[in-house]
Each structure stands twice: as structure tokens, then as C-alpha cells.
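Read off the chains here:
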Amino acid sequence: MTELPKTMKAWVVARNGAPKDALQLKTDWPAPAAPTGNNILVKISHAALNPADMHFMLVLPTWLPFRRSPIPGLDFAGEIVAAGPDVSPELQKVGTKVCGSLGVSQVAFGKGSLAEYVQVPAELVAVQPERMSSLEAAGVMGCAGQTAAIMIKEADVQPGQRVLINGASGGVGSVLLQIAKAKGATVYAVCSEANAEMVKRLGADEAIDYKAHDPIEVHLAEKFKDEHLDFIFDCAGSQPLFTHSPKYLKADGKFINIVGGRSQGIVPFVRNKLVPVFLGGTPRSYRLLGLSPAGNLAREVAKWVEEGLVTQAPIDSEFSMEEAVQAYEKLASKRAKGKIVVKIQG
Ligand SMILES: NC(=O)c1ccc[n+]([C@@H]2O[C@H](COP(=O)([O-])OP(=O)(O)OC[C@H]3O[C@@H](n4cnc5c(N)ncnc54)[C@H](OP(=O)(O)O)[C@@H]3O)[C@@H](O)[C@H]2O)c1
């Protein structure tokens, strides 16, 4: 059996705050122990960043006994270096390339992916699709692709339907767009002019520049006045987009949002879902989704990749391990075109 490392490089959250204040790079951090039960030890090659990482850094106390100097990061791609005795034969093979997203509780306990090694329950991973590099797999099969998967399940988009994606150029939107298109929908992608080319390359039928059409709701009301939309996917979190939706979303259409979930309390949920129409509620179906990362979702996205439904992995940028703070700063700007990925090693 290969000798396992005793120490590793890892970023840790030394105090709560923005990444530049919170993060410290350690070069001799204790590496995870040999995996037991149904766990695998993964040598991480790439970790993709998510807005949720920064939220944890900001609000989850670092002094809790189970969370001292936690390692951040949800998404990863890498190879198996050891497997526990209960792991399936497929994932017992050292060197198998896997990817996915860690459970939120694992990251809350401080065992995140911004490190050279991580121990992961085998059921959370997908084998990397051959059509994608590890860089791309970290970006697509993690939170972004998995969130796109739960959104598309909620909608059950049919050929010929008309869907609008707000925030189409981000990590989630860029995967969702490809799936909606592959399912035969007409896709309207809301993004800034700078990202119009990119979303068209991903398959959007039309890019709608929200900066040129401000407020966008007025533009949508005019544009879709004769033929309303079947679905609106909101990956940017716009309350007016929902409030005004009866002017452009069919009466039996659905508004599916991912911003303002658990991390931001229950106000948007109560306001949009529970306030009756006679008290000013909006007469449209509203869903606010929250992802619990899961291997079956990662594997579903991997299958889309293998089957050619998702053909592109928009990567905004790749940063080195030492540049993780700059990578988070880019993410915090909310101007990423696809995923921001940190190359951990290899
Ligand atoms: N509920 C969940 O489980 C869940 C899971 C994953 C993500 N999320 C949340 O979903 C959101 C999107 O995640 P992500 O990973 O896709 O983020 P991201 O990659 O950081 O999104 C960046 C993109 O957002 C676009 N954008 C920024 N402001 C916009 C606006 N006002 N209107 C339209 N587009 C705008 C930018 O495009 P332009 O430069 O063209 O404006 C940029 O391409 C985040 O708030 C994240 O926290 C929630």
C-alpha cells in the first residue's frame, strides 16, 4: 500500500471575515488519516470556488471546538489514493479520477477541499467523465452543476418551452443553460453585454443585457407581452423579477430561485410563497431551492457530459494554490464568467 502523507498544504480560516483577512496558507497541516468504512482519500488536483465558501468564512465561528482553523471549499477533482474496506470495487482502485462536492456539514466541520488531500464519503463522488479535464470536472460536477440539476428537475423542461435564465453567465447559469437547450427549450439568457457572446456559445437563443434594459422587468413585460415564458430560473436573486413576473410568466409557469436560501433566512420564502394574492402576494408559483451536495447529482451531471448534453465547461480562470485569496476576490466581484478554479497540485 502507498504510504499516505502525514502533512499537507492547506488553506485554513484563521478568523471570520473576507478571504484576505480570514485565510492563511499552511504548509504542514495534518493530512487526513487513512480512510475507514465507506470513505476514500482523494489527492486533490483542483478545487472550484463557490459564493457559499465565502459565506461560511464570514459567519461560521472558527472557535467552535469541532471547527478550529477549518479548511474551506466544497468542490474538488482529484484521484483516489486510498479507500476504506466498504467502498465499492469501482472506487477501490487507486488512481481513479473522481470529482464532486463535499457535504455542507463536512465543510462546517472544517474538512474542506482547499487542501492537498481530503477524506470523502464514497457516495458523494462521481468518476470524472473522460470528456473533461480535472480542471473542468471540478468546475462542472460540483455545486454549480449539481444546483443546475436540482433546478432542471424542478422544472421538467419540455421541447419548445420558453425559459429565461437570470445570471446565465455564472457557474450555475452556464450549466443550466446548456441543459435547458439540450432539452429543446428556447433559452433567453440575462447577462451583461460583456457575456453575451459567451452565453450564445453555450446555446442561448438570445442574450438580454440587463444593464442596457434597466429595469429589466419593464423590458421583459414588453418583449413577452404576447407570449409569456414557461419558466424563469433566477441565479442572480432579483425580487422585482418575481414580483413583476405575471406580466411575462405564464399563469401556470414557475419561478425557480436559488438565491436567498438557508443562508439568507426565510424572508424571501415567506414573502413569495406564503403571502396570499389578496394581501399583495404574486400570483405565480415560486420555488426557492437549496442544494445538499450528493453523489447521485454529481453522477447525473457527469452523465450529461458523457452523453454530450453539457459540452462546455466555462472556466473563468485558474489560480495557483498560493493565489487562492485573489481567486476568492475575483469571485466576490460577482463578475465571473463561469467557474473560478484553484489548481491545488499536479
Ligand atoms: N440555493 C443553493 O443551493 C445555491 C447553490 C449554488 C449557488 N447559489 C447562489 O446562486 C448564485 C449564483 O451562483 P454562481 O455560482 O452561479 O455565482 P457566480 O458564478 O459568482 O455568478 C457570477 C455571474 O453573475 C452574473 N450577475 C451578477 N449580477 C447580476 C445581475 N444583477 N443580473 C444578472 N446576472 C448577474 C454575472 O454576470 P454579468 O457580469 O454578465 O452581470 C456573473 O457572470 C449565488 O448567489 C450563489 O450563492 C445557491
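Whatever comes next refers back to the structure up there.
This text gives an overview of the structure that appears in the document. (Residues numbered from 1 in each chain as written. Predicted model: local features only at pLDDT ≥ 70, side-chain atom pairs only at ≥ 80, totals over all residues. Heavy atoms only, no water.)

This next bit is on the side chain of Ser238. Counting through the fold element by element, Ser238 comes out in the loop between strand E11 (229–234) and helix H10 (239–243). In terms of polar contacts, Ser238 uses its side chain to reach the backbone amide nitrogen of Leu241, at 3.2 Å. If near-sequence neighbours (up to four positions away) are discounted, Ser238 is found in contact with Asn166, Glu217 and Phe255. (Helix = DSSP H or I, 4+ residues; strand = E, 2+ residues; numbered from the N terminus. Polar contact = N/O pair within 3.5 Å; in protein donor to acceptor, adjacent residues only side chain to side chain. Contact = heavy atoms within 4.5 Å.)

Attention now goes to the sheet that holds strand E8 (residues 162–166). Strand order in this open sheet of 6 strands is E10-E9-E8-E11-E12-E13, and the pairing throughout is parallel. A single partner strand is all that each edge strand has here, and the edge strands are strand E10 (206–209) and strand E13 (285–288). For this sheet the average axis-to-axis angle between neighbouring strands, irrespective of direction, equals 20°. As paired elements, E11 and strand E12 (residues 249–257) share 5 bridges and run parallel to each other. If you follow Phe233 over to E12, its bridge partner there is Ile256. Set on the sheet, helix H6 (residues 143–155) makes contact with E11, E12 and E13; between it and E11 the angle comes to about 155°. (Pairing = 2+ DSSP bridges. Axes fitted to C-alpha atoms, helices over the stretch in contact; angles between N-to-C directions.)

Next up on the list: the environment of Lys334. Secondary-structure assignment places Lys334 in the loop between helix H13 (324–332) and strand E15 (339–343). On a C-alpha basis, the gap between Lys334 and His213 in space is 19 Å, while along the polypeptide they are 121 residues apart.

Taken as a whole and assessed by the stated rule, the structure comprises 13 salt bridges. Close ionic contact of Lys223 with Glu206 constitutes a salt bridge, the shortest N to O distance being 2.6 Å. In this pair, Lys223 sits in helix H9 (residues 216–223) while Glu206 sits in strand E10, placing the two residues 17 residues apart along the sequence. When the shortest N-O distance is used, the salt bridge between Glu307 and Lys303 registers 3.6 Å. Given the relative accessible area of 49%, Lys303 is considered partly exposed. Put simply, Glu154, Lys254 and Arg287 are held in one network by salt bridges that share partners. (Salt bridge = Lys/Arg side-chain N within 4 Å of Asp/Glu carboxyl O. Buried < 20%, exposed > 50% of the residue type's maximum accessible area, 1.4 Å probe, protein only.)

Here strand E5 (residues 97–101) lies mainly inside the structure; 4 of its 5 residues are buried. Relative to E5, strand E4 (residues 75–83) runs antiparallel, the two being bridged by 5 bridges. When the sheet's bridge partners are listed, Gly78 is paired in E5 with Val98. As defined by bridge partners, E5 adjoins strand E7 (residues 125–127) across 3 bridges and the pair is classed as antiparallel. Residue pairing in the sheet places Gly100 in a bridge with Val125 of E7.

On to the site of the ligand, then. For the ligand, the set of nearby residues contains 23 residues, the closest of which are Ser169, Ser192, Tyr210, Leu291 and Ala336. In this structure, an oxygen atom belonging to the ligand sits 2.8 Å away from a side-chain N or O atom of Asn195. Here Ile258 contributes a backbone N or O atom positioned 2.8 Å from a nitrogen atom of the ligand. Across the complex, the protein chains shield 81% of the 930 Å² of accessible surface that the ligand would expose by itself. Classifying every residue of the shell around the ligand gives 12 nonpolar, 9 polar and 2 charged. Viewed by domain, the shell around the ligand spans two of them, domain 1 (7–142 + 314–343) and domain 2 (144–288), each represented by three or more residues. (Near = heavy atom within 4 Å. Areas by Shrake-Rupley, 256 points an atom, 1.4 Å probe, with all protein chains shown as cover. Nonpolar A, V, L, I, M, F, W, Y, C, P; charged D, E, K, R; others polar. Domains from an automatic or database assignment.)

Core analysis: the biggest nonpolar cluster contains 101 residues, and Leu114 and Phe233 have the highest contact counts within it. Counting residues per element, this core draws most heavily on H6, which supplies 8 residues. When residues are assigned to domains, this core turns out to be shared by domain 1 (7–142 + 314–343) and domain 2 (144–288), each giving three or more. Setting aside residues up to four positions removed in sequence, Leu114 forms contacts with Ala10, Trp11, Ala47, Leu49, Ile71, Pro72, Gly73, Met321, Ala324, Tyr328, Val342 and Ile344. (Core = buried A, V, L, I, M, F, W, Y, C linked by side-chain atoms within 4.5 Å.)

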